[in-house]
Amino acid sequence: MSGIQKRMVTIGALIAISIFYLFPREQTMRERGSDGVMRDVTVTRVPLKRGLDLQGGMHLALELDEAQRISTDPSRDIDLALTVLRKRIDEFGVEEPVIQKSGDDRIVVELAGISDPARAKAIVQKSAFLEFRITDETDALQKALPGMDRVLRQLGVEGGAAATAPSAVEQLLGGDSTASTDSTAQGETGPAILSALINRGSLPGEYAVLESAYPRVDSMLNIPDVKQLLARNVELRWSNAPVSLGVDSYRYLYALEDRPIVDGTSLVDASAQLDPITQGPIVVFELNRSGGRRFGAETGRHVGDYMAILLDDMVQGQPPVIQSRIDRRGQITLYNRTLQEAQDLALTLKAGSLPVPLKIVEERQVGPSLGRDSIRQGVTAGVVGTVLVIIIMIGYYRMAGVLAVAALSIYILFALGGLSMLGATLTLPGLAGLVLSVGIAVDANVLIFERIREELLLGKTVRLAVDEGFRHAMSAIIDSNVSTVITAAFLYQFGTGPVRGFATTLIMGIAASMITAIFVTRTFFLYWLQRRPALTTLSI
């Protein structure tokens, strides 16, 4: 086999490999069915991924929110958060999500093709830290309120007018407000402050606060001098949403034992269902063996007491009474919530809790229609640019330009096949990088053709001029392409999202252009000259 034949076989093999990686094939993806259950489905398509800017979606950059919870090991917590997010988004059913670290302190999440960005953000950011706690039976908060009022007065906090009769909420809740009214309405040395804002509820450890007063009460309860007056084994937690009582909205405050019965680290499974009796959404959960034993022992000891269910330090609904021992399986009733919210809660619980809450530091959203417009405009720009390059090359270099254009068509096949082989995601900046690399591929041919022209002007034969042209242009081609690859590598290493997409396609395009300019175009020249051994002039 001659050298030209070997070259043609190599080119044919590269073309076959590129076609193989671009040929439509069956792929298995996770999708959520109409019943809300995640299933594997098989689709047939070209295995070239499209970024969110080409099909619509959301880009999020996340960092640890240490204002809410201090991280003792940020690097470890970022890695744990990355694992949790991958589990959640897999269950969420996003097609080909991008979830990766950026540097040492940031996570980049790209969700292509999502239809509900707000829901996706809630799932990504939800800490999903689950706890079960017994409500306080000792009236710890009620006993501490007079002392808290004294401290607040000493700090200069003014209270409202004293109540002389039970309030509307006290009457609706049915709590015993006599002690509160008699002892703290005027306070021990002045007007009531917290005592006038916090009303006893109908359950042990339950209190109600007007929704309008909720932020003020919360801030006062978190003053260190006030907070230390509460019994050490009791902690205060708010309900997750206000409730309407009469004409006003109230937020429940719960005094709970500081030690949880069990938390979400013992959870092994969770699923959303409809309660067969109330037809309301519930989340059925299952604990591991050790968690089940501990849960069973504690609930058995507290039969008749009330158990609060906390998610991210917020009490979920009114605490239910423990009617009997609960072992490994239980349920969370979601009041006034939808089945979709129950499904989201189940998948976040199942994936696990974030070690530290995450905050969004960068957010971009692209609508599906804008993505289609981007594809159309990007393809149009690429086609127009390529057509102009073809016209200029053939018009200026004639037959040599035709050979360069033939090699250029193979270059595009190599570039797309390489991207598919690497599993790279094609983005709008990536399309720009691909179009740019078309110019780089032609630039290499221009250097070669100009060197061949110079050799012909020196009186050398056609075959020798072609050989010398390729040889002398090689150093300039390698230098320019290597410097561009180094720049693109830095963009890939330190960039995120679209910048990485641009760098990836640019590097792949340069690699394909080197192969086509140096190897493919020269093979075409050699084949052309072999067919015309008596050629004395070159159409260049």
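Residues numbered from 1 in each chain as written. Predicted model: local features only at pLDDT ≥ 70, side-chain atom pairs only at ≥ 80, totals over all residues. Heavy atoms only, no water.

**A few points about empty space enclosed by the protein**
Then comes step 1: As enumerated under the stated definition, the model contains two cavities of 30 Å³ or more in all.
Then comes step 2: Roughly 40 Å³ of internal volume is contained in the second largest cavity.
Then comes step 3: Considering the residues around the second largest cavity, the lining is formed by A404, A407, L408, Y411, A441, N445, T516, A517 and T521.
Then comes step 4: Top contributing element to the lining of the second largest cavity by residue count: helix α13 (residues 368–422), with four residues.
Then comes step 5: A per-class count over the lining of the second largest cavity returns six nonpolar, three polar and no charged. (1 Å grid on protein atoms, 1.4 Å probe; cavity = no way out; pocket = protein on both sides within 12 Å on 5 of 7 lines; lining within 4 Å. Points joined across faces, edges and corners; volume = space filled by probe spheres on them. Helix = DSSP H or I, 4+ residues; strand = E, 2+ residues; numbered from the N terminus. Nonpolar A, V, L, I, M, F, W, Y, C, P; charged D, E, K, R; others polar.)

**A word on the sheet that holds strand β7 (residues 130–134)**
Then comes step 1: Read across the sheet, four strands follow the order β13-β7-β16-β17 without closing on themselves; strand pairing throughout is antiparallel. Pairing within the sheet leaves two strands with one partner each, and these edge strands are β13 (262–263) and β17 (314–315). (Pairing = 2+ DSSP bridges.)

**Things to note about the packing of helix α14 (residues 428–457) against helix α15 (residues 462–494)**
Then comes step 1: At a minimum axis separation of 7 Å, α14 and α15 run at an interaxial angle of 145°. Handedness of the crossing formed by α14 with α15: right-handed. From α14, I440, A444, L447, I448, R451, I452, E455 and L456 reach across to α15, where they touch V462, A465, V466, E468, G469, F470, H472, A473, A476, I477, N481 and T484.
Then comes step 2: Counted by class, the contact of α14 with α15 contains 13 nonpolar, four polar and three charged residues. (Axes fitted to C-alpha atoms, helices over the stretch in contact; angles between N-to-C directions. Left-handed = near helix turned anticlockwise from the far one by under 90°. Contact = heavy atoms within 4.5 Å.)

**Observations concerning the pairing of strand β5 (residues 98–102)**
Then comes step 1: In this sheet, strand β6 (residues 106–112) lies alongside β5 in antiparallel orientation, the contact comprising five bridges. For Q100, the partnering residue across the bridge sits in β6 and is V108.
Then comes step 2: Between the antiparallel neighbours β5 and β6 lie three residues, among them G103 with a positive phi of about 75°.

**As for unusual backbone geometry**
Negative phi values dominate among residues other than glycine, just as trans dominates among peptide bonds.
Then comes step 1: Residues other than glycine seldom take positive phi values, yet D312 does so here, at roughly 55°.
Then comes step 2: Tracing the backbone through its elements, the reader meets D312 in the loop between β16 (307–311) and β17.
Then comes step 3: Positive phi is not limited to glycine here, since D313 has a value of about 65°.
Then comes step 4: Take D313: it is sitting in the loop between β16 and β17.
Then comes step 5: Under the relative-accessibility criterion, D313 is labelled partly exposed at 33%. (Buried < 20%, exposed > 50% of the residue type's maximum accessible area, 1.4 Å probe, protein only.)

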